[in-house]
Amino acid sequence: MAEGKNAVITGSTSGIGLDIARTLAKNGANIVINGFGEKQVIDKIVEELQGYGVQAAHHPANMLRSNEIKEMIQFTIETFGSVDILINNAGIQHVSPIEDFPDQTWENIIAINLSAAFYTMKEAMPSMKKSNWGRIINIASVHGLVASVGKTGYCAAKHGLVGLTKVVALETAEAEITCNAICPGFVLTPLIEQQIENIAKKENISITESQHRLLADKQPAKQFVKTKDLGELVLFLCSDAGRLMTGASLTMDGGWTAQ
Ligand code: NAD
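Criteria and cut-off values
Residues numbered from 1 in each chain as written. Predicted model: local features only at pLDDT ≥ 70, side-chain atom pairs only at ≥ 80, totals over all residues. Heavy atoms only, no water. Helix = DSSP H or I, 4+ residues; strand = E, 2+ residues; numbered from the N terminus. Rg over C-alpha atoms; globule rule 2.2 N^0.38 Å. Buried < 20%, exposed > 50% of the residue type's maximum accessible area, 1.4 Å probe, protein only. Pairing = 2+ DSSP bridges. Axes fitted to C-alpha atoms, helices over the stretch in contact; angles between N-to-C directions. Contact = heavy atoms within 4.5 Å. Right-handed = clockwise from strand over helix to strand, strands pointing away. Expected span 1.5 Å × (residues − 1). Arc of directions from axis to C-beta. Core = buried A, V, L, I, M, F, W, Y, C linked by side-chain atoms within 4.5 Å. Phe/Tyr/Trp six-rings, centres within 6.5 Å; stacked < 30°, edge-to-face > 60°. Lys NZ or Arg CZ within 6 Å of the ring centre and 35° of its normal.

Caption draft 1: Quick peek at the overall build of the protein chain. The secondary structure content of the protein chain amounts to 8 helices and 7 strands. What you see for the protein chain is a C-alpha radius of gyration of 18 Å, in line with the 18 Å of a compact globule of 259 residues. Along the longest, intermediate and shortest principal axes, the C-alpha atoms of the protein chain span 55 × 40 × 35 Å. Burial analysis of the protein chain (259 residues in total) assigns 51% to the buried set.

Okay, here's the thing in structure tokens:
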């Protein structure tokens, strides 16, 4: 479905982005991964992706820096010839009441979770328009649609990302380019493991109990969304059948936002 397409996935050395990279590679896309991590671990991921018979490389752009983001997109075009699939996935979060929320943490969350997607899309658009084909998928969150206490930065950035997605969808509506947001509920990745550990410490409960509380509070299915299921949703959006699905905010949240 993604055969012969060239994909960039930001924040793909871990969690959701990594499984999206795997799914796209298994389905024939060349991949540029991005994100932090130890060199040996990243080299292993690149090797694994190449093992699916596609080209793969890592670009270390820091999503806090617009010049590095532009370099990553240009690197993809120079290496593979075009950017066809762009997944804006890199993200961080922080939980605290607004009066204690550190200024720099706010700035970083907005930069990585929102502004980085503006810069990648802006830089990739000429390539997509030239080939008259593109699939942009912004990994937002249920927090792009609804709010939770303590998540000012995260909710503001993710709501912004959903809005940004809609505008780009309208601007590309007449081309073979789509732009959608995926809004997952809780997925068990390092990002959420941190939150689970913090709750466990604060409440003096076990990690398992903390997981149960988190899910019981918000996610009616009472189980975590799987990263590989999100990969399959991305794959559908990249398929021909997804060609008129654009500007959508697709939830995979075990019923969270139905409440
Ligand atoms: P994760 O922590 O496992 O992965 C985050 C990735 O982003 C890593 O590869 C990390 O190296 C990279 N990254 C962080 N800061 C970066 C920077 N400045 N520049 C470049 N890369 C950077 O997190 P995850 O849970 O897989 O999250 C992926 C996306 O999914 C995020 O946007 C997150 O907000 C969103 N999301 C996650 C959940 C969840 O429950 N885990 C739910 C909804 C949405």
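From this point, the narrative continues.
Caption draft 2: Highlighting the sheet that holds strand β5 (residues 134-139). Sheet architecture is open: 7 strands sit in the order β3-β2-β1-β4-β5-β6-β7, paired in parallel fashion. Among the strands making up the open sheet, the edge pair consists of β3 (56-59) and β7 (249-252). The average angle at which neighbouring strand axes cross in this sheet is 20°, direction not considered. Of the pairings in the sheet, the one linking strand β1 (residues 6-9) to strand β2 (residues 30-34) comprises 4 bridges and is parallel in character. In the strand pairing of β2, N6 is matched with N30. Of the strands in this sheet, β1, β2, β4 (85-88) and β5 touch helix α1 (residues 15-26), which is tilted by about 170° from β1. Contacts from helix α3 (residues 66-80) reach β1, β2, β3 and β4 within the one sheet, and its direction differs from that of β2 by about 160°.

Caption draft 3: Up close: the pairing of β1. Side chains N6 and V8 of β1 all project onto a buried face; the interleaved residues A7 and I9 project onto the opposite face, where all are buried too. In this fold, the crossover linking β1 to β2 by way of α1 has right-handed handedness. Taken together, the 3 bridges between β1 and β4 define a ladder with parallel strand orientation. When the bridges of β4 are listed, V8 appears paired with L86.

Caption draft 4: Representation of α3. For α3, with 15 residues, the first-to-last C-alpha span of 21 Å sits near the 21 Å given by 1.5 Å per residue. Residues of α3 that are buried: E68, I69, M72, I73, T76 and F80. Down the axis of α3, the buried side of the element spans an arc of 145°, and every buried residue falls inside it. Phi turns positive, to about 105°, at G81, one or two residues after α3.

Caption draft 5: Highlighting the nonpolar core. Among the nonpolar cores identified, the biggest contains 34 residues, and L24, I31 and I87 are the most heavily contacted of them. For this core, the secondary structure elements donating two or more residues are β1, α1, β2, α2 (39-50), β4, β5 and α8 (227-238). Among residues more than four places away in sequence, those in contact with I31 are A7, I9, A21, L24, A25, L49, Q55, A56, A57 and F80. Of all hydrophobic cores here, the second largest spans 29 residues; its members include V8, I136, A181 and C183.

Caption draft 6: Representation of the packing of aromatic side chains in the model. Taken as a whole, this structure holds 2 aromatic pairs when the rule is applied. Note on F118 and Y119: the rings are 5.2 Å apart at their centroids and 70° apart in plane angle, and the pair reads as edge-to-face. Here Y119 falls in the partly exposed class, since its relative accessible area comes to 27%. For the cation-ring pair, K5 lies above W133, with the distance from its terminal atom to the ring centre recorded as 4.0 Å.

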